[in-house]
Amino acid sequence: MYLLGSRMYVKCTRCHVALCLKDAQRCQSSAAHLEQHDFLKGAPHRKHPGVTNLKTVRLPEQLQVAAQSVLKRADVKSLSEKAHKLSNFLWSRKRATETSQLREKAVLLEKKFLEQERDIHTDGIDRKLEARIRKRVLSELRRTTYHRTPLRYKCIIVLKQFFIDWGCEVLCVLLDNSALISLRCWHVSRYDEDLGLVYMAARLAGGYAAVLRALNEIKKRDPVFVPYSLLDFGSGLGTGTWASHTLWGDSLKEYVCVDSSGDMNTLAEQLLRGGNDVDNPVIKQVYFRQFLPVSPKVQFDLVIAAFSLSELATLDERLNVIFTLWRKTNSYLVLVENGTKDGHQILMEARDTILKREDDVKHDLRRPSIFAPCTHELPCPKLIKQHVVPCNFSQFYYPLPLLKSQERQQEKLSYLIISRSDEEKPQKTERWDMARLISQVRRRPRHVQCQLCCANGELKQLAVTARCHGKDMYRCARSSDWGDLLPVFHAEDDNTENKTR
């Protein structure tokens, strides 16, 4: 009887402990549910505060009509084919190799070839060895180094095709390079116009969608912000101006578009006038310049540089431009590049430059703060772990209707938004941190697979379930998409989180 009683006592004790644990879990889950309700702020789950994505983007009707009018009058041959080739060319371009990298590579090649020569010629030192190794090093560098070709260098090729179209192929064969270069100035305006038209057909819709996607995050997360002035560096076709006007309308009173190409500025101004020469632009107070404003004290509420930093040849040029743009930023600096590894690395260079050189800005003591897409100011975990896939995001859009059948296309972009903050970061009182969804959300029965970049600077793979994380967070995760922000509650089960390799 004593043994039986002791067994019953042990079982009762275990049941009591299990009931206490269940009660504690219920209390934690109810507290988490309350926190999640606070995060939603009365909004439905599909529109929770972390949703920043846009649906499929269309060009503004006035911009699309103007672009079609310009292209129709120009009547460029094989426009669709040329636009497709130019898009592929721009996407596949890489940064020019830095001089320091070439020197390091040359030193390694010299050591390698010197060891090979010594193994072959063991009888003595050849006097011509140095010249022979130098020749081999230069040959190998030419063969293996990426040669970045600026678009303007294609003038000679296009010019030759221009003469061929007019039946003057013999003239091109007889002319030497100097004669071709001198002839280029006769037709450079026509070539630049054609290149601008092909670029417009290829990149107008995609560039507009990318800039609109980045700016929409500011509009959604900071609804109080209403910009008065805009600086668009490397404005090109004026997509930054159109995207800003779409979001903030007539509150913007000054647009300054800076582009080194005068022909591109003329084309952008023509688009603002509806494709005509009528002096009645759709967007007022737009000023085109070929150089940045000189005074360092002139600031703009919103500064944009879209697909411009990658066009600068060297790292020093990029860093100087980045620092200049930051000095001219009053509220937000928005940088957009192609969603490639080079584009991502260029943005991370800009991020590190601004964060490390904040003390160099004398006239504006407000510190920089990373607004998006990073949820922290720590080193990028994708660069540290050398991930194959860069930190990029996706935006669907409808291209210019050059063909009868038009399907929506996908723009891969990387972006960076830095804001000026005149206040120290307040202490967190919420029980959640915001994490960025950095890949497609995989919705499965009863759980959602999310890959997150968290506020502690780590990448995590999280399986969100209603049982472990609460119904509200589960529904938010199910309604979110690639690029959105997702709340990660501190009361969640750590067993469901695994660091990505």
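Residues numbered from 1 in each chain as written. Predicted model: local features only at pLDDT ≥ 70, side-chain atom pairs only at ≥ 80, totals over all residues. Heavy atoms only, no water.

An unreviewed UniProt entry lists the protein chain under the name Ribosome assembly protein METTL17, mitochondrial, with Cyprinus carpio carpio given as the organism. In its Subunit (unreviewed entry) section, UniProt records this for the protein chain: "Associates with the mitochondrial ribosome (mitoribosome)." (UniProt positions renumbered as here; feature names shortened; annotations may be inferred.)

**Q** Is there a simple way to think about the overall build of the protein chain in this case?
**A** For the protein chain, the helix and strand inventory stands at 15 helices and 14 strands. Counting every position in the protein chain, which comprises 501 residues, the buried fraction comes to 43%. Pairs at least 24 residues apart make up 77% of the contacts formed inside the protein chain by residues separated by at least 6 positions. Accessible area of the protein chain: about 29000 Å², with a carbon and sulfur share of 53%. (Helix = DSSP H or I, 4+ residues; strand = E, 2+ residues; numbered from the N terminus. Buried < 20%, exposed > 50% of the residue type's maximum accessible area, 1.4 Å probe, protein only. Contact = heavy atoms within 4.5 Å. Areas by Shrake-Rupley, 256 points an atom, 1.4 Å probe, with all protein chains shown as cover.)

**Q** Would you mind showing me how to read the pairing of strand β4 (residues 300-306) here?
**A** For a regular strand, the rule is simple: side chains alternate between the two faces of the sheet. Counted residue by residue, β4 has seven buried out of seven residues, so it is predominantly covered. Where strand β1 (residues 229-233) and β4 come together, four bridges link them in parallel fashion. The residue bridging Leu 230 from the neighbouring strand is Leu 302, located in β4. One ladder, built from six bridges, connects β4 with strand β5 (residues 329-338); its direction is parallel. Paired with Ala 306 across the strands is Val 336, a residue of β5. Viewed along the sheet, the connection from β4 through helix α11 (residues 315-327) into β5 turns out right-handed. (Pairing = 2+ DSSP bridges. Right-handed = clockwise from strand over helix to strand, strands pointing away.)

**Q** Is there a simple way to think about the packing of helix α2 (residues 61-74) against helix α10 (residues 262-272) in this case?
**A** Two packed helices can be described by the angle between their axes and the distance between those axes. Two elements in contact, α2 and α10, have axes separated by 8 Å at closest approach and are oriented at 125°. Relative to α10, the element α2 lies oblique. Here α2 contributes Leu 63, Ala 66, Ala 67, Val 70 and Arg 73 to the contact with α10, which in turn contributes Leu 267, Gln 270 and Leu 271. Along the lines of polarity and charge, the residues of the contact of α2 with α10 split into six nonpolar, one polar and one charged. (Axes fitted to C-alpha atoms, helices over the stretch in contact; angles between N-to-C directions. Parallel < 35°, antiparallel > 145°, perpendicular 65-115°, else oblique. Nonpolar A, V, L, I, M, F, W, Y, C, P; charged D, E, K, R; others polar.)

**Q** What is the right way to read the packing of α11 against helix α12 (residues 341-356) from this model?
**A** The interhelical angle for the contact between α11 and α12, taken along N-to-C directions, is 55°, at an axis separation of 10 Å. What the angle tells us is that α11 and α12 run oblique. As α11 packs across α12, the resulting crossing turns out to be right-handed. Contact residues: α11 offers Leu 315, Arg 318, Leu 319, Ile 322 and Trp 326, while α12 offers Ile 346, Glu 349, Ala 350, Thr 353 and Ile 354. Its residues assigned to classes, the contact of α11 with α12 shows seven nonpolar, one polar and two charged. (Left-handed = near helix turned anticlockwise from the far one by under 90°.)

**Q** Looking at this structure, how should I read the confidence of the model for the protein chain?
**A** Should pLDDT be low for a region, the predicted coordinates there are not to be read in detail. Put simply, the protein chain has an average pLDDT of 77, and 74% of its residues get 70 or more. Counted against residues more than four places away or in other chains, residues 1-11, with its pLDDT under 50, gives zero contacts. Counted against residues more than four places away or in other chains, residues 491-501, with its pLDDT under 50, gives 24 contacts. (pLDDT = per-residue confidence, 0-100.)

**Q** It is not clear to me how the packing of aromatic side chains should be interpreted in this structure. Could you clarify?
**A** In this description, an aromatic ring pair is defined by two values, namely the gap between the centres and the angle between the planes. Applying the stated rule across the entire model yields four aromatic pairs. An angle of 55° between the planes, with centres 5.4 Å apart, marks the rings of Phe 393 and Tyr 415 as tilted. Here Tyr 415 lies in strand β8 (residues 409-421) and Phe 393 lies in strand β7 (residues 393-397), a separation of 22 residues in the sequence. In terms of burial, Phe 393 and Tyr 415 fall into one category: buried. What links up through ring pairs into an aromatic cluster is the set Phe 225, Trp 248, Tyr 332 and Phe 371. (Phe/Tyr/Trp six-rings, centres within 6.5 Å; stacked < 30°, edge-to-face > 60°.)

**Q** What is the right way to read α10 from this model?
**A** Each full turn of the α-helix corresponds to 3.6 residues, which orients residues three or four apart in the same direction. Restricting attention to buried positions, one finds in α10 the residues Met 264, Asn 265, Leu 267, Ala 268, Gln 270, Leu 271 and Leu 272. In the segment just after α10, Gly 274 is the residue with positive phi, at about 75°.

**Q** Honestly, the pattern of salt bridges in this entry has me stumped. Any pointers?
**A** A pair can form between side chains of opposite charge whenever their charged atoms are brought close. If you walk through the whole model with that rule in mind, you get 10 salt bridges. The closest approach of N and O atoms between Arg 213 and Glu 217, which form a salt bridge, is 3.6 Å. With a gap of four residues between them, Arg 213 and Glu 217 both fall in helix α8 (residues 177-221), about one helical turn apart. Summarising the burial analysis for this pair, Arg 213 and Glu 217 share the class buried. (Salt bridge = Lys/Arg side-chain N within 4 Å of Asp/Glu carboxyl O.)

**Q** Just checking my understanding: could you explain the pairing of strand β3 (residues 286-289) for this structure?
**A** Here β3 shows a clear split, with Val 286 and Phe 288 buried on one side and none of Tyr 287 and Arg 289 buried on the other. The sheet contact formed by strand β2 (residues 254-258) and β3 spans four bridges and is parallel. Across the sheet, the residue bridging to Val 258 is Arg 289, located in β3. After leaving β2, the chain enters α10 and then returns to the sheet as β3, a path that is right-handed.

**Q** What am I meant to see in the nonpolar core here?
**A** The nonpolar side chains of a soluble globular protein tend to be buried, and buried together. By size, the foremost hydrophobic cluster in this structure holds 62 residues, and its most contacted members are Met 200, Leu 215, Ile 218, Leu 302, Val 334 and Val 336. Of the residues forming this core, the biggest block, 15 residues, is contributed by α8. Formed by 26 residues, the second largest nonpolar core is a distinct cluster that contains Val 256, Phe 300, Leu 347 and Ile 370. (Core = buried A, V, L, I, M, F, W, Y, C linked by side-chain atoms within 4.5 Å.)

**Q** Help me understand the side chain of Glu 217, please; the structure alone is not making it clear to me.
**A** Relative accessible area serves as the criterion here: at 0%, Glu 217 is assigned to the buried category. Only 2.7 Å separates the side chain of Glu 217 from the side chain of Arg 436, close enough to count as a polar contact. Not counting residues up to four positions away in its chain, the partners in contact with Glu 217 are Thr 52, Asp 222, Phe 371, Ala 372, Tyr 415, Ile 417, Arg 436 and Leu 485. (Polar contact = N/O pair within 3.5 Å; in protein donor to acceptor, adjacent residues only side chain to side chain.)

**Q** Explain unusual backbone geometry to me, please; I cannot follow it from the model alone.
**A** A negative phi angle characterises most non-glycine residues, just as the trans form characterises most peptide bonds. Cis peptide bonds are those with omega within 30 degrees of zero, and the linkage from Ala 372 to Pro 373 qualifies with -5°. Structurally, Pro 373 can be placed in the loop between β6 (367-372) and α13 (381-384). The backbone of Gln 285 sits at a positive phi, close to 60°, despite the residue not being glycine. The topology assignment puts Gln 285 in the loop between α10 and β3. Here Arg 446, not a glycine, exhibits a phi torsion of approximately 70°, which is positive. Mapped onto the fold, Arg 446 is located in the loop between β10 (442-444) and β11 (447-453).

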